[in-house]
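Chain by chain, the residues:
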Amino acid sequence: ELPPSEFMQVADSTWLVLSVVSNGREPPGCQATGVTKIARSVIAPLAEHHVSVLMLSTYQTDFILVRERDLPVVIHTLAGEFDIYKEESGECVPVPCDDVSNGFLKPKPAASPTLHPVQSPQTRFCVLTVAPDTLPAIATMLIDVLFYSHGPPWDAATGSQDLDSITFFSFSLIEGYISIVMDAETQKRFPSDLLLTSSTGELWRMVRIGGQPLGFDECGIVAQIAEPLAAADISAYYISTFNFDHALVPEEGIAEVIQLLQQRQESSR
């Protein structure tokens, strides 16, 4: 219902949401959560089969968005590891692989994906949720932060922000569940008793992927981050956006994460 506007860009593709539900068969000692938990079983295989994904972590779970036209490849790629269901009239119905077998050609293995530059600002972030019935109490503050607060000045000479202190605020409302990512300074503006976080109250640091807008045609961008972190059993909260990808990792692990990603880039040269 949004009116056409020269100021609004819309991606050509229609996207479908994959929700990955654990079957309880993870190997013993597997502690990683977020995008790294599904790196080997979902993200890496899709990248190998030329499937571009958008990743959206939330406080409750993780969602993978795939282009509708890629659905036959997605089902064939994941059917060996997962039981796949589609939603019809609110009910989950099994998807037989035969439904998409006609005309399916197994793609050639993908070439090694381009490794995009990664940057890690000094900003510390919080991952939060809010009880839906308390949302009206912070609605005015949310609107102010989302639409009116000013971030670090834009450097016209370099065409980029000062990454020592990046502006990033994410709000998602999915099936009644609310997830918010904000920097620690912005959190101080909200009533502390309404923002819910883990009992440890941990802070997160960000790794931003991409030196320029990434687009949606390339595959393997999420895998660039998820695979090395999964190998090191490091949790990550991942948000793809129109221009860049963002991975949040526990603050105490940021040095190890940067080292792992630098090693991956050097080994690929």
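The coordinates are above.
Quick caveat: nothing in here was measured; it's all calculated off a predicted structure. (Residues numbered from 1 in each chain as written. Predicted model: local features only at pLDDT ≥ 70, side-chain atom pairs only at ≥ 80, totals over all residues. Heavy atoms only, no water.)

*Asks:* Explain the environment of T61 to me, please; I cannot follow it from the model alone.
*Replies:* Turning to its location among the elements, T61 is positioned in the loop between strand 2 (53–57) and strand 3 (62–67). Judged by its relative accessible area of 27%, T61 is partly exposed. (Helix = DSSP H or I, 4+ residues; strand = E, 2+ residues; numbered from the N terminus. Buried < 20%, exposed > 50% of the residue type's maximum accessible area, 1.4 Å probe, protein only.)

*Asks:* Where do I start with the pattern of salt bridges in this structure?
*Replies:* Pairing between side chains of opposite charge can happen when the charged atoms of each approach one another. In this structure the tally under the stated criterion is six salt bridges. A salt bridge links E227 to R264, with the shortest nitrogen-to-oxygen separation between them at 3.5 Å. One end of the pair, E227, is in helix 5 (residues 221–231); the other, R264, is in helix 6 (residues 254–268), with 37 residues separating them in the sequence. (Salt bridge = Lys/Arg side-chain N within 4 Å of Asp/Glu carboxyl O.)

*Asks:* Is there a simple way to explain the pairing of strand 2 in this structure?
*Replies:* Consecutive side chains along a regular strand alternate between the two faces of the sheet. Burial runs high along strand 2: four of the five residues are buried. Where strand 2 meets strand 3, five bridges bridge the pair, whose relative direction is antiparallel. By the bridge assignment, L54 is partnered in strand 3 with L65. With antiparallel pairing between neighbouring strands as the criterion, strand 2 and strand 3 make up a hairpin whose turn holds four residues. (Pairing = 2+ DSSP bridges.)

*Asks:* Help me understand the packing of helix 1 (residues 39–48) against helix 5 in this model?
*Replies:* A packed helix pair is summarised by two numbers, namely the angle formed by the two axes and the spacing between the axes. For the pair helix 1 and helix 5, interaxial distance at closest approach is 10 Å and the crossing angle is 150°. As for the relative orientation of helix 1 and helix 5, their crossing is left-handed in sense. Contacts between helix 1 and helix 5 pair A39, R40, I43, A44 and A47 from the former with V222, A223, A226, E227, A230 and A231 from the latter. (Axes fitted to C-alpha atoms, helices over the stretch in contact; angles between N-to-C directions. Left-handed = near helix turned anticlockwise from the far one by under 90°. Contact = heavy atoms within 4.5 Å.)

*Asks:* How should I be thinking about the packing of helix 1 against helix 2 (residues 71–78) in this particular structure?
*Replies:* Contact geometry for helix 1 and helix 2: axes closest at 10 Å, N-to-C directions at 130°. Taken together, the axis directions place helix 1 and helix 2 in an arrangement best described as oblique. In terms of crossing hand, the pair formed by helix 1 and helix 2 is right-handed. Residue-level inspection shows S41, V42, P45 and L46 of helix 1 in contact with helix 2, the latter providing V74, T77 and L78. When the residues that make up the contact of helix 1 with helix 2 are grouped by side-chain class, the tally is five nonpolar, two polar and no charged. (Parallel < 35°, antiparallel > 145°, perpendicular 65-115°, else oblique. Nonpolar A, V, L, I, M, F, W, Y, C, P; charged D, E, K, R; others polar.)

*Asks:* I'm lost on the packing of aromatic side chains in this one. Help?
*Replies:* The description of an aromatic ring pair uses the distance of the two centres, along with the angle that the planes make with each other. A full pass over the atoms with the stated rule returns two aromatic pairs. Summarising the aromatic geometry, the rings of F125 and F168 are spaced 6.1 Å apart at their centres and angled 90° between planes, so their arrangement reads as edge-to-face. Of this pair, F125 sits in strand 7 (residues 124–128) while F168 sits in the loop between strand 9 (160–161) and strand 10 (170–174), placing them 43 residues apart in sequence. Classification of F168 as buried rests on a relative accessible area of 10%. Stacked on the ring of F244, the Lys or Arg R208 has its end atom at 4.1 Å from the ring centre. (Phe/Tyr/Trp six-rings, centres within 6.5 Å; stacked < 30°, edge-to-face > 60°. Lys NZ or Arg CZ within 6 Å of the ring centre and 35° of its normal.)

*Asks:* Looking at this model, I keep getting lost on helix 2. Mind explaining?
*Replies:* Every α-helix carries 3.6 residues per turn, so stepping three or four residues along brings you back to the same face. Along helix 2, the positions that sit buried rather than exposed are V73, V74, I75, T77 and L78. Each element contacted by the buried residues of helix 2 is listed here: strand 1 (15–19), helix 1 and strand 3.

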